[in-house]
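# Fold and geometry: a report
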Amino acid sequence: MALAASEKKKPRDIAEIIIRRLRDEKGIIDRTDIAGPGFINFFLKDEYYHKLLKQIDKEGKDYGRIDIGKGEKVQVEFVSANPTGPLHVGHGRGAAVGDALSNLLAAVGYDVTREFYINDAGRQVKLLAQSVYSRYINKPIPEDGYQGAYIDEISDSARAVISGIKKGIYSEPIDNEGAATASQVISLNFPNISFEESEPFFAWHSKKRLLEEIRKDLEDFGVRFDNWFSEQSLLDDSSVKKSIEELKKRGFAYEKDDALWLRSTAFGDDKDRVVIKKDGSYTYLATDIAYHRNKLSRGFKKLINIWGADHHGYIPRVQAVIQAFGHPKDTLHILLVQLVAVLRHGKPVPMSKRAGDFVTLREVIQEVGSDAARFFFLMRRSDSHLDFDLELAKKQSSENPVYYVQYAHARLCSVEKQAEERGIKMPVADSVDFGLLKLPEEKNIMKQLALYPITIEGSARALEPHRITFYLQNLAGLLHNYYFHHRIITDDKPLTDARLVLMKGVRQVIKNALGILGVSAPEKM
RNA sequence: GCGCCUGUAGCUCAGUAGGAUAGAGCAACAGCCUUCUAAGCUGUGGGCCGGGGGUUCAAUUCCCUCCAGGCGCACCA
């Protein structure tokens, strides 16, 4: 149809020519026909699907793995929360998306590094320290400080650490930075101490506590990072300074009005951006310049940043940074994750970090479980709005799609167990007569299994892991339907064998796909 | 004011390198458990794909415009 205009022929005639010239080298096409305005339908031979079942059986957990990445190094940076409070549901969504995407890219042959950028420099950490300090000396938290029970907890633990250090029984392992802080603590006269004097201690302690908590939350959510990258380290090792020097050399940084600017307009940004302020301090962009330069220097061919959608205005300047360092714009992909609206009993839960009133990732994991939470976060395109109803996600019922899929897997495990108990061994795929699988339902299932690698590939290319949740729901639907209407274990041995291998394939694919999402595939429910 | 995202069934959302009769889940209604797990299955109803224009043989998909919602527009992070 696309050729009709240029070829000046009717679409149906062109279709006929294509079919006539078609060479089926692998001999997998059964027949073709021309439909509607000029579509060509290909019907594949049953043998194609039979081979597929053998392939799935043989490849097992590797079925669906392909190699479009060719071992290329990719970095996925996600969550990257300020260590100024516990992770909330929005971070959870970013974590689920980032982790699933990393799994996905690894499955298609990329060498993936997961990284958490710790925003541990600047004003936010100072505010955190100030908030904890205020609680420590029993004064009200400054208006723009952080509120919430966790501030009290950190303040209490600070108290314990101080007295521990004073008594010389500091039990926690102290890192280099902490050792310095410990000697500082001894020299200070707690609790009658000014914030200025004690800021290094409170900043260190608060940051440490929160990072531990963040790390634990993520681990309980099944997310592990290969690298935790500290923003502060870029200042400490003068990377920021060097990066800015390099930009100057390259002609993309200049001085104006006593400030230093990035010439981001050279790459399509609305205006140039300040890197060093009039007062000599750095903007957030300065560390980001150094950070992205660092990423590039580590040899990543592709960088993926997962950001909250509220940061979208920041995209052009970071893209500009990439280009200013001489790399193509599409080296960096920025995925926006819409913030999550949390509902409880259908009513929105107000979220404000400052007021300390927000639903944490931990609460969500505890309430609905890691599997349900991850699946929910991955059910929609990451840049679409997500309503997360805690009561709904908690329900262990059909309203909860994750159970629908997991149940399909558990059911099949149960069938295999049942077969085993009846003394039927799982047949060898090569010795099975798949020609016995004649039911339309069986054909549909085989087609869906054949679609799995394509789904993975498309999902990876588009950086859209949510497609896998849809695939899974479809496959589980076909399975449940088939299971209800037909028996797998029958008196007919050859048929039973064929069906067992088919079911094993379904189970394998469900397991593989859930694995990419980071959701468990239970054998019993 | 400028920019980005979103608008598809009652609800929550898939579907776009333009293509056949637009899909799923939930909710609603009516049914199905002596049989491998009923966290399941079957059936029914439900849509001017936000409005209007344009390009095209063909538009949910591309362009323009308007409306509605969200988010950005710092020498904050």
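What you see is a predicted model; the values in this text were computed from it and never measured.

### A few points about the side chain of Q75
Tracing the backbone shows Q75 in strand β3 (residues 73-77). Residue classification places Q75 among the buried positions, given a relative accessible area of 0%. Within the local environment of Q75, its side chain forms a polar contact with the side chain of E115, the two groups lying 3.1 Å apart. A polar atom in the side chain of Q75 sits 3.2 Å from the side chain of K295. When neighbours within four sequence positions are excluded, Q75 is seen to be in contact with T113, E115, Y291, K295, R298, F300, K302, L303 and I304.

### Structural notes on the sheet that holds β3
In any sheet, the strands associate via hydrogen bonds between backbone groups, in a parallel or an antiparallel arrangement. Read across the sheet, five strands follow the order β5-β4-β3-β9-β10 without closing on themselves; strand pairing throughout is parallel. Both outer strands of the open sheet, β5 (227-230) and β10 (332-337), are each paired with one neighbouring strand and no more. Between one strand and the next, the sheet's axes are offset by a mean angle of 25°, whatever the strand orientation. The pairing of strand β9 (residues 302-308) with β10 spans six bridges and is classified as parallel. Counted as the bridge partner of I304 is H333 from β10. Contacts from helix α8 (residues 195-220) reach β4 (111-118) and β5 within the one sheet, and its direction differs from that of β5 by about 150°.

### Structural notes on a nonpolar patch on the surface
Where nonpolar side chains cluster on the molecular surface, the patch consists of L3, I18, L22 and F42 and spans about 330 Å² of accessible area. Note on placement: I18 falls in helix α2 (residues 11-21).

### With respect to the packing of helix α3 (residues 46-59) against helix α19 (residues 493-517)
Between α3 and α19, the shortest axis-to-axis distance is 9 Å and the interhelical angle comes to 55°. If you check the angle between α3 and α19, you find them oblique. Between α3 and α19 the crossing geometry is left-handed. Where α3 abuts α19, its residues L53, I56 and D57 lie against L502, K504, G505, Q508 and V509.

### Digging into the packing of aromatic side chains
Aromatic rings in a pair are described by how distant their centres are and how their planes are angled relative to each other. Taken as a whole and judged by the stated rule, the model has 21 aromatic pairs. Between Y133 and F202, the ring centres sit 5.7 Å apart and the planes meet at 70°, which makes this aromatic pair edge-to-face. Residue Y133 is found in helix α5 (residues 123-136), and its partner F202 is found in helix α8; the two are separated by 69 residues along the sequence. A relative accessible area of 10% means that Y133 is categorised as buried. Judged by relative accessible area, which is 0%, F202 ranks as buried.

### Quick word on helix α6 (residues 149-166)
With 18 residues, α6 extends 26 Å between its outermost C-alpha atoms, agreeing within 8% with the 26 Å of an ideal straight helix rising 1.5 Å per residue. By the burial criterion, the buried members of α6 are Y150, I151, I154, S155, S157, A158, V161, I162, G164 and I165. Where α6 ends, the next residue or the one after it, G168, has phi of about 75°, a positive value.

### Topic: the sheet that holds strand β7 (residues 259-262)
Judged by pairing direction, the sheet is antiparallel, and its three strands sit side by side in the order β6-β7-β8 without closing on themselves. Two strands lie at the open edges of the sheet, namely β6 (253-256) and β8 (273-276), each paired on one side alone. On average, each strand axis in the sheet is tilted by 45° relative to the strand beside it, whichever way the strands run. Strand direction decides the pairing type here: β7 and β8, joined by three bridges, are antiparallel. Following the sheet pairing, L262 is matched in β8 by R273. Set on the sheet, helix α11 (residues 284-297) makes contact with β7 and β8; between it and β8 the angle comes to about 80°.

### A look at helix α16 (residues 401-421)
Over its 21 residues, α16 runs 30 Å from end to end, which matches the ideal 30 Å to within 8%, given 1.5 Å per residue. One or two residues past the end of α16 sits G423, with phi positive at roughly 80°.

### Structural notes on the confidence of the model for chain A
With 95% of its residues at a pLDDT of 70 or more, chain A has an overall mean of 88. Two numbers describe this predicted complex: its pTM, 0.92, and its ipTM, 0.91.

### A closer look at the pairing of β6
In this structure, β6 lies alongside β7, joined through four bridges in antiparallel fashion. When the bridges of β7 are listed, Y254 appears paired with W261.

### What to know about the protein's contact with RNA strand B
Around RNA strand B sit 59 residues in total, of which F39, K277, R380, Y407 and N481 are the nearest. Taken together, the sugar and phosphate atoms account for 65% of what RNA strand B places within 4 Å of the protein. Contact between RNA strand B and H466: a phosphate oxygen at 3.3 Å from a side-chain N or O atom of the residue. Those elements giving two or more residues to the surface near RNA strand B turn out to be β2 (39-44), α5, β7, β13 (386-389), α16 and α18 (466-485). Ranked by the residues each element gives to the surface near RNA strand B, the list is headed by α16, at eight residues. Taken together, the residues of the surface near RNA strand B break down into 24 nonpolar, 18 polar and 17 charged.

### Observations concerning the pattern of salt bridges
The full count for this structure, using the stated rule, is 25 salt bridges. For D497, the salt bridge identified is with K493, shortest N-O distance 3.0 Å. Here D497 pairs with K493, and both are found in helix α19, just four residues apart, close to one helical turn. Its relative accessible area of 12% is what places D497 among the buried residues. When salt bridges that share partners are traced, they join K216, D217, D220 and R362 into one network.

The rules behind these values
- Residues numbered from 1 in each chain as written.
- Chains lettered and ligands numbered in written order.
- Predicted model: local features only at pLDDT ≥ 70, side-chain atom pairs only at ≥ 80, totals over all residues.
- Heavy atoms only, no water.
- Helix = DSSP H or I, 4+ residues; strand = E, 2+ residues; numbered from the N terminus.
- Buried < 20%, exposed > 50% of the residue type's maximum accessible area, 1.4 Å probe, protein only.
- Polar contact = N/O pair within 3.5 Å; in protein donor to acceptor, adjacent residues only side chain to side chain.
- Contact = heavy atoms within 4.5 Å.
- Pairing = 2+ DSSP bridges.
- Axes fitted to C-alpha atoms, helices over the stretch in contact; angles between N-to-C directions.
- Patch = residues over 30% accessible without salt bridge, like charges linked within 9 Å, V, L, I, M, F, W, Y side chains within 5 Å.
- Areas by Shrake-Rupley, 256 points an atom, 1.4 Å probe, with all protein chains shown as cover.
- Salt bridge = Lys/Arg side-chain N within 4 Å of Asp/Glu carboxyl O.
- Parallel < 35°, antiparallel > 145°, perpendicular 65-115°, else oblique.
- Left-handed = near helix turned anticlockwise from the far one by under 90°.
- Phe/Tyr/Trp six-rings, centres within 6.5 Å; stacked < 30°, edge-to-face > 60°.
- Expected span 1.5 Å × (residues − 1).
- pLDDT = per-residue confidence, 0-100.
- Near = heavy atom within 4 Å.
- Nonpolar A, V, L, I, M, F, W, Y, C, P; charged D, E, K, R; others polar.

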